[in-house]
Structures are given as C-alpha cells and as structure tokens.
Amino acid sequence: MNVRRGLIPSAALTAVTALGLGTLTACSGDRAEAANTGRFDVVASFYPMAFLAERIGQNHVHVTSLTSPGQEPHDLEISPRQIASIQDSDAVLYLKNLQPSVDDAVAQSPVKTKIDAASLTTLEEHGNEVGGHAAAHDTHKNEESSGKDPHIWLDPVRYAQVAEGVGKAFEKADPKHAADYRKNTAALVKQLDDLNTQFKNGLAHTRTKVFVTTHAAFGYLAERYGLTEEAINGLDPESEPSAARVKDLETMAKADGVSTVFYETLVSDRTAKTIANDAGLRTDVLDPIEGITAKSRGKDYFSVQEANLKALQQALGAK
C-alpha cells in the first residue's frame, strides 16, 4: 500500500482557490466532476465506495469517483480540481488509510458529511499469509510487516456492515429521502447476505484450502470461509517479493496441492506467471474489485464476486 503521507501542498490549495467552488467541468482522466447538481452530491474515493453510494442513493444522489476506471487506487494522487470537488460536495465517502492523498484532502475539507468506511466495520492486521494454515514448511512466514488491511469490501459480511453505516449517514444528511435510503440499504444488505451464503456453501468442501495470490487483498475473504491466502506481495500490489519468499511459496504450493497462482487485472501478471512457470502451476484472475474495466469478469461488484467464487472453486477443487 502506498504509505506516503503529508498535507496537501500549498500550491495545490492555491490552485483550488483559483478554481473557485462553483460548478466544475469534467476533464480527461479526472473523475470527480461538478457538485451542485440538484441532487445529494457524493464524492466517492474509488469503485467499492461509489458502488455503495449508487446502490443506496439511486435516483436521489449524484455520485462521482476520484479514481478513474483502470487506475490503481493505491497510487492515486489527488488533483486540485478533485480537491475542489470534495469541498463542493454534500458528502464524501472514502476508506481511510487506503489513499493517503484522499485522506489529506478530506481532513482539510469543510464538507459536512465525511463517511469513513473503515470506521463502519472492524479492520485487522494482515501480512503475506492470512488464514488458518499452519505453514510448517514456510520458513519466512509474514516476512512483510503486517498492517491494517483495508480490503474490507471483499468480505460480503463486512461490506454489508459498511453499507448499513453509509445508509444511516445518508438518512441523517438528506432526511427528505431517508425512507428510500433505508429501503435501498436493506435490499443491498440482503443481496450481500445471499452472496455470503453462496461463498460459504460453494467453498465448504474443497480439495485444498490454500490459494496463492500476487496481492494480499483477500485476507478477509479467506478468514470468512476457512481458507488460507498466501500472497506473493503484501498489501502493496506492486511490491517485489524476495527470493526467499518465492522459494517458500513454491515449496508450499507443492506440499498443499496448490494448482493456481492468481493475479489481478489492474497490475502486471509478470510475477505470477514467472512463479507459476517455475512451479508448474496455472494462472488465473482473482479480482480485488478496486475498479471495473473491460478486462473485468463482470459488470459490477456482484457479478465480479460471483466470477471470483467460480475461480476459487476451480483452483481449490470444490466438490
């Protein structure tokens, strides 16, 4: 995860002042657009937050995202125009500690309704290995320092908790439409509950419980369904693994009957393919759903999660 922090540079704030807080026009590669649309204007930090806002708010909200489709959200550096759009919005929905430049902009913004998804559920510290695997043959277990894992949306149960909190925040900030927000939130939570049941039943009986990914994004999912995630990289999707870590993974894959090395759509698959080739394994996509692109196996959160479930069932030998 990008850990660079610091206040928004004074030059950026000067640029915001120059732009003013009136209506903004969209520009290429800058997803946060105008507020003052006549609806409840919500700026979301990246796709999982925007999806919640759209599903809960529906016709009553105008949602814009700070992260463009296909952009790796961990790497986002917020622009002066986006800072201004946050200041001009009715609410901002973000996940603290995932995108430091967003955290800084929100902290300095006068926007009244600030919704931190991380405060609506529980976060845990995760490293390279997450789950119930003893890993007696892994001599460098958790060689990457653990940190608070932000990938809560990949666990349907935690994501439902966040949805409930977002719904309540919308009700409070826009009471005129509170009944609709309440109804939409309940429908979304029901759908997430059903997804949880799909994962629970679909992964209950498998040949192995261990899966290998390039990015340690699936720790909460692994814990929820009794699996073990072994990540090549840690919470930062673009970090490089050590030679010792690669050797341990190859040994572990053989011992635990691992068949597949998973990679994601927004980051290079080079490391995954190299390890897979060396260990005689196949590769496949396990999508962390940080953004929807033409390469995504689905058009929204639910369809991509269903594709993830099918990929895990195949890799783990579901019965």
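Residues numbered from 1 in each chain as written. Predicted model: local features only at pLDDT ≥ 70, side-chain atom pairs only at ≥ 80, totals over all residues. Heavy atoms only, no water.

## Concerning the overall build of the protein
The secondary structure content of the protein amounts to 10 helices and 11 strands. Each of the 319 residues in the protein was classed as buried or not, and the buried ones make up 56%. Of the contacts formed within the protein by residues at least 6 apart in sequence, a portion of 66% connects residues at least 24 apart. Working note: accessible area of the protein is about 13500 Å², and carbon and sulfur atoms make up 49% of it. (Helix = DSSP H or I, 4+ residues; strand = E, 2+ residues; numbered from the N terminus. Buried < 20%, exposed > 50% of the residue type's maximum accessible area, 1.4 Å probe, protein only. Contact = heavy atoms within 4.5 Å. Areas by Shrake-Rupley, 256 points an atom, 1.4 Å probe, with all protein chains shown as cover.)

## Thoughts on the pairing of strand E10 (residues 260–263)
Here E10 shows no split at all, with Thr 260 and Phe 262 on one side and Val 261 and Tyr 263 on the other all buried. Bridge analysis of strand E8 (residues 210–213) against E10 gives 2 bridges, and the strand direction is parallel. From the neighbouring strand, Val 212 faces E10, where its bridge partner is Val 261. Bridge analysis of E10 against strand E11 (residues 282–285) gives 4 bridges, and the strand direction is parallel. Within E11, the residue paired with Thr 260 across the bridge is Arg 282. Regarding topology, helix H9 (residues 270–279) serves as the crossover connection from E10 to the parallel E11, and that connection is right-handed. (Pairing = 2+ DSSP bridges. Right-handed = clockwise from strand over helix to strand, strands pointing away.)

## Remarks on the sheet that holds E11
Here 5 strands make up an open sheet; going across it, the order is E6-E9-E8-E10-E11 and the pairing mixed. Edge positions in the sheet fall to strand E6 (129–131) and E11, since each of these pairs with one other strand and no more. Along the sheet, successive strands turn relative to each other by an average axial angle of 30°, direction set aside. Bridging between E6 and strand E9 (residues 228–231) involves 3 bridges; their strand directions are antiparallel. (Axes fitted to C-alpha atoms, helices over the stretch in contact; angles between N-to-C directions.)

## Observations regarding unusual backbone geometry
One non-glycine residue, Gln 58, lies in the positive phi region at around 50°. By secondary structure assignment, the location of Gln 58 is in the loop between helix H2 (47–57) and strand E2 (61–65). Judged by relative accessible area, which is 43%, Gln 58 ranks as partly exposed. The residue Ile 289 is not glycine, and still its phi comes out positive at about 55°.

## Overview of the packing of aromatic side chains
Considering all chains together, one arrives at 9 aromatic pairs under this definition. Centroid distance Phe 51 to Phe 302: 6.0 Å. Interplanar angle 65°. Geometry classified as edge-to-face. A residue pair is termed long-range when its members are at least 10 positions apart, and Phe 51 in helix H2 and Phe 302 in helix H10 (residues 301–316) qualify at 251 residues. For the pair Phe 51 and Phe 302, a shared accessibility class is recorded, and that class is buried. Centre to centre, the rings of Tyr 159 and Tyr 301 are 4.6 Å apart; their planes meet at 40°, and the pair counts as tilted. In this pair, Tyr 159 sits in helix H5 (residues 156–173) while Tyr 301 sits in helix H10, placing the two residues 142 residues apart along the sequence. (Phe/Tyr/Trp six-rings, centres within 6.5 Å; stacked < 30°, edge-to-face > 60°.)

## Quick word on the sheet that holds strand E1 (residues 40–44)
Strands pair in a sheet through their backbones, by hydrogen bonds, and they do so in one of two ways: parallel or antiparallel. Read across the open sheet, the 4 strands follow the order E2-E1-E3-E4; overall the sheet is parallel. What marks the edges here is a single partner per strand, and that holds for E2 and strand E4 (113–116). This sheet shows a mean twist of 20° between the axes of neighbouring strands, independent of strand direction. Examined bridge by bridge, E1 and strand E3 (residues 91–94) share 3 bridges and lie parallel to one another. Across the sheet, the residue bridging to Val 42 is Ala 91, located in E3.

## Some remarks on the pattern of salt bridges
Counting across every chain of the model gives 8 salt bridges. Residue Asp 155 pairs with Arg 158 through a salt bridge whose shortest N-O separation is 3.0 Å. Asp 155 is paired through a salt bridge with Arg 224; the nearest N and O atoms lie 2.8 Å apart. A residue pair is termed long-range when its members are at least 10 positions apart, and Asp 155 in the loop between strand E7 (147–148) and H5 and Arg 224 in helix H7 (residues 219–224) qualify at 69 residues. Note on Arg 224: relative accessible area 35%, which makes it partly exposed. (Salt bridge = Lys/Arg side-chain N within 4 Å of Asp/Glu carboxyl O.)

## Some words on the pairing of E2
Burial runs high along E2: 5 of the 5 residues are buried. Residue alternation in E2 divides its side chains into two sets, Val 61, Val 63 and Ser 65 and His 62 and Thr 64, and both sets are buried. Sheet analysis places E1 next to E2, joined by 5 bridges and oriented parallel. Within the sheet, the bridge partner assigned to Val 42 lies in E2 and is Val 63. For the crossover that starts at E1, traverses H2 and ends in the parallel E2, the hand is right-handed.

## Topic: the nonpolar core
Ranked by internal contacts, the top residues of the largest apolar core, which has 57 residues, are Val 42, Trp 153, Phe 170, Phe 211, Tyr 301 and Leu 312. Of all the elements in the fold, those that place two or more residues in this core are E1, H2, E2, E3, H5, helix H6 (178–202), H7 and H10. With 8 residues, H10 is the single largest residue contributor to this core. Apart from the residues lying within four places of it in its own chain, the contact partners of Phe 211 are Phe 218, Ala 222, Leu 227, Thr 228, Glu 229, Glu 230, Phe 262, Leu 286, Leu 312 and Leu 316. Residues Val 246, Met 252, Ala 272 and Ala 276 belong to the second largest nonpolar core, which totals 15 residues. (Core = buried A, V, L, I, M, F, W, Y, C linked by side-chain atoms within 4.5 Å.)

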